[in-house]
Amino acid sequence: MSAPVPPARGSTVRGALEAALTSAPESGLTAKDLSALVGISEKDVAGHLEHLEKSLKVQGARLEVLPASCLACGFTFKDRRRFTRPGACPQCRATRIDPPAFRVIG
Ligand SMILES: [Zn+2]
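Residues numbered from 1 in each chain as written. Predicted model: local features only at pLDDT ≥ 70, side-chain atom pairs only at ≥ 80, totals over all residues. Heavy atoms only, no water.

### As for the packing of aromatic side chains
Convention followed: What counts as a ring pair is set by centres within 6.5 Å for rings of Phe, Tyr and Trp (its six-membered ring), and what kind of pair is set by the plane angle: stacked under 30 degrees, edge-to-face over 60, tilted for all other angles. Relative accessible area decides the class of each residue, using a 1.4 Å probe on protein chains only: under 20% of the type maximum gives buried, over 50% gives exposed, and in between gives partly exposed. A run of H or I in DSSP becomes a helix once it reaches four residues, and a run of E becomes a strand once it reaches two; helices and strands are each numbered from the N terminus.
Here the structure, examined in full by the defined rule, presents two aromatic pairs. Each ring, one from F75 and one from F77, has its centre 5.0 Å from the other, and the planes form 85°; the classification is edge-to-face. Classification of F75 by relative accessible area gives partly exposed; the value is 24%. Look at F77 and you get buried, because its relative accessible area is 9%. Between F83 and F102, the ring centres sit 5.6 Å apart and the planes meet at 80°, which makes this aromatic pair edge-to-face. With F83 in the loop between β3 (69-70) and β4 (97-98) and F102 in strand β5 (residues 101-105), the pair connects residues that are 19 residues apart, well separated along the chain.

Below you can see the structure in the form of structure tokens.
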């Protein structure tokens, strides 16, 4: 009896992520949204997004990042290139941060 060959998990997850992000609303989807939609843990989302961003570039599409912002003072993490949620606000040190959201353009 031979074991069934499992699908290539990485590419399947990324395909599901890409599909979710392509049909995302203008406000984008957060890591939490994506983890629920795709069935991966929230902390794994950033890693998959990094790979997805590279493959999107090859296709001529783009991963748009809607930056995180501080709920206390409104500071926007515009220059942040990472896909994870920042730990604290550099301006007021608050830790209540509205997480970044993502969508695919093109
Ligand atoms: Zn702040």
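Having seen the structure, we can now continue with the description.
### Here's the deal with the coordination of the zinc ion
To keep things clear, this is the line we draw: For Na, K and Ca the donor cut-off is 3.2 Å, and for all other metals it is 2.8 Å, counting N, O and S atoms only; because water is absent from this set, sites may look incomplete. Every geometry call rests on angle ranges, with four donors termed tetrahedral when all angles are between 85 and 135 degrees, four termed square planar and six termed octahedral when opposite donors are over 155 degrees apart and all others are between 65 and 115, and everything else termed irregular.
Donor atoms from the polypeptide that bind the zinc ion are C70 (SG), C73 (SG), C89 (SG) and C92 (SG), placed at 2.3 to 2.4 Å. Around the zinc ion, the four donor atoms sit at angles spanning 104 to 114°, and that spread fits a shape best called tetrahedral. Written as a sequence motif, the donor arrangement for the zinc ion is C-x2-C-x15-C-x2-C. Among the residues examined, C92 registers a relative accessible area of 35% and is labelled partly exposed.

### Comments concerning the layout of surface pockets
The line we're drawing: Each cavity reported here is a set of points on a 1 Å grid over the protein atoms alone in which a 1.4 Å probe fits but cannot get out, each pocket an open set with protein on both sides within 12 Å along at least five of seven lines, and each lining residue one with an atom within 4 Å of a point. Grid points are joined across faces, edges and corners, and a volume is the space filled by probe spheres set on the points. Under the convention adopted here, Pro, Cys and the residues Ala, Val, Leu, Ile, Met, Phe, Trp and Tyr are nonpolar, Asp, Glu, Lys and Arg are charged, and Gly plus all remaining residues are polar.
Put simply, the largest pocket is a space of about 180 Å³. Around the largest pocket sit T30, A31, K32, E42, K43, A46, F83, T84, R85, P99, P100 and F102, which together line it. Secondary structure elements with two or more residues in the lining of the largest pocket: α2 (31-38) and α3 (42-59). No other element matches α3, which puts three residues into the lining of the largest pocket. When its residues are assigned to classes, the lining of the largest pocket shows six nonpolar, two polar and four charged.

### What about α2?
Worth spelling out the cut-off: In this description, the arc belongs to the directions extending from the helix axis to the C-beta atoms.
Along α2, the residues classified as buried are A31, L34, S35 and V38. Seen end-on, α2 carries its buried residues on one side only, within an arc spanning 100°. In α2, the exposed positions angled more than 90 degrees off the buried face are occupied by K32, A36 and L37. G39, located one to two residues past α2, shows a positive phi value of around 85°.

### Concerning unusual backbone geometry
The phi torsion at R93 lies on the positive side, around 70°, for a residue other than glycine. Note that R93 resides in the loop between β3 and β4. Classification of R93 as exposed rests on a relative accessible area of 58%.

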